[in-house]
Amino acid sequence: MDTSGISEIQNAFDDAVKTVADKKSLQDLKIEYLGKKGKVTGLMKEMKNLSNEDRPAYGAAVNEVRSHITSVIEEKETALANEALEARLKEETIDVSLPGRTFRLGSPHPLSRTIEDIEDFFIGLGYEIAEGYEVETDYFNFEALNLPKSHPARDMQDSFYFSEDILLRTHTSPVQARTMQARKGQGPVKVICPGKVYRRDSDDATHSHQFTQIEGLVVDRNIHMSDLKGTLELFAKEMFGPDREIRLRPSYFPFTEPSVEVDISCFKCKGAGCNVCKRSGWIEILGSGMVHPNVLEMAGFDPDEYSGFAFGMGPDRIAMLKYGIEDIRNFYTNDLRFINQFKAMEDGGDQSESI
Ligand code: DAH
């Protein structure tokens, strides 16, 4: 009896199974040999052509091949399943020795912090916070502040105009006029108005086309220059340290009369002269003055009955001085490396003495 066909099939299977590397090819191989039309099944079908004497031995040989192939396939199945499991476990391994993920805490923007500090101070003195519009009319931005259309002082504030009568406000002073108008000639008015302002400046270390201002306005009966001076002196001490003094220099603003520029004694050199105060011992921090009677009148207040003082300061400049920041653009580029430096000041302590 010739059983060479049987061993050929077994050898072919043994070769083929060696190259199988995945479940799908193993399944295909199983069908190729053990399936209904498979090679081993084909060998069984040969039985009917054999003589009675040959049949048992042939049958036994085929059975042997079949059980060989079956067990090799089973082994291979188990091996493949184990490999897959191991690969998955490896992939999902958790390295418990790795450091955990930390939460990154944000910190308030130094400009927001400065504005809040200034607000807190004035709220403590009984001021309210008033808000206006960043897109403003020519009337409130200029005319109501004693700056008629042809006024040369308009040139001091290069503006972004949308149309002849609408522009991005160049200062927070229009909020003065709006607030007074809303009060319908009845004092007292005691407000500060923080907000963004815009000017057609070319951006450099000390100029930005967008920056912030805080306007202050007090209108009541019997308001004098001494009220202005006392308020701003207290403010200087609060923001820049208890030893600060202020100095008023005559100046000009169309909306105040008289007008003053307010300087503080230098907090760095205490008046001796340094780079912060440009060797003068004094640092200019804001513009101020007694509200011009025309401004009171236009907003519906009787200048014979009421008087007031106003001031306008730049939190950008104040924050730059307070925290030793040299470039105003740092406030607006939102580089976390810059902002995160202010985390340590979270306690709200007075920083000016440590500059
Ligand atoms: N509005 C002025 C500016 O932007 C600042 C200012 C000066 C505001 C004097 C005032 C003031 O209220 O009294 O340059």
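This one's a predicted model, so the numbers in the text were calculated from it and none came from an experiment.

(A) View of the overall build of the chain. Within the chain one finds 12 helices and 9 strands. Relative to the compact-globule value of 20 Å for 355 residues, the chain shows a C-alpha radius of gyration of 44 Å, a clear excess of over 25%. Dimensions of the chain along its principal axes, counting C-alpha atoms only, are 140 × 50 × 35 Å. Across the 355 residues that make up the chain, the buried fraction comes to 41%. Accessible surface for the chain amounts to roughly 19900 Å². Of this, 51% is attributable to carbon and sulfur atoms. Across the chain, 42 positive and 59 negative side-chain charges occur, with their mean positions spaced 4 Å apart.

(B) Seen up close, unusual backbone geometry. Residues Gly187 and Pro188 are joined by a peptide bond in cis, for which omega reads -5 degrees. Checked against the element boundaries, Pro188 lands in the loop between helix H7 (174-182) and strand E4 (189-198). Here the bond from Glu257 into Pro258 is cis, since omega is -5 degrees, no more than 30 degrees from zero. Its location among the elements puts Pro258 in strand E7 (residues 256-265). In this structure, Asn222 takes a positive phi of about 60 degrees despite not being glycine. Here Asn222 is to be found in the loop between strand E5 (210-220) and helix H8 (225-240). With relative accessibility at 59%, the residue Asn222 sits in the exposed group. The backbone of Lys270 sits at a positive phi, close to 55 degrees, despite the residue not being glycine. Owing to a relative accessible area of 46%, Lys270 belongs among the partly exposed residues under this scheme.

(C) Here's a closer look at empty space enclosed by the protein. Overall, the coordinates contain 1 cavity of 30 Å³ or more when judged by the stated rule. Around the largest cavity, the lining residues are Tyr139, Phe140, Ala144, Ala177, Gln181, Val295, Met298 and Ala299. Counting only elements with at least two residues in the lining of the largest cavity, the list comes to helix H6 (138-141), H7 and helix H9 (293-298).

(D) Quick peek at the pattern of salt bridges. All chains considered together, the criterion is met by 17 salt bridges. Between Arg249 and Glu284 there is a salt bridge, with the nearest N and O atoms lying 3.5 Å from each other. Separated by 35 residues along the polypeptide, Arg249 in strand E6 (residues 246-253) and Glu284 in strand E8 (residues 282-291) bring together distant segments of the chain. The exposure class of Arg249 is partly exposed, given its relative accessible area of 28%. With a relative accessible area of 36%, Glu284 lands in the partly exposed category. Where Asp335 meets Arg337, a salt bridge forms, and the shortest distance between an N and an O atom there is 2.6 Å. What makes Asp335 partly exposed here is its relative accessible area of 28%.

Cut-offs and rules
Residues numbered from 1 in each chain as written. Predicted model: local features only at pLDDT ≥ 70, side-chain atom pairs only at ≥ 80, totals over all residues. Heavy atoms only, no water. Helix = DSSP H or I, 4+ residues; strand = E, 2+ residues; numbered from the N terminus. Rg over C-alpha atoms; globule rule 2.2 N^0.38 Å. Buried < 20%, exposed > 50% of the residue type's maximum accessible area, 1.4 Å probe, protein only. Areas by Shrake-Rupley, 256 points an atom, 1.4 Å probe, with all protein chains shown as cover. Lys, Arg positive; Asp, Glu negative; His and termini not counted. Charge placed at Lys NZ, Arg CZ, Asp CG, Glu CD. 1 Å grid on protein atoms, 1.4 Å probe; cavity = no way out; pocket = protein on both sides within 12 Å on 5 of 7 lines; lining within 4 Å. Points joined across faces, edges and corners; volume = space filled by probe spheres on them. Salt bridge = Lys/Arg side-chain N within 4 Å of Asp/Glu carboxyl O.

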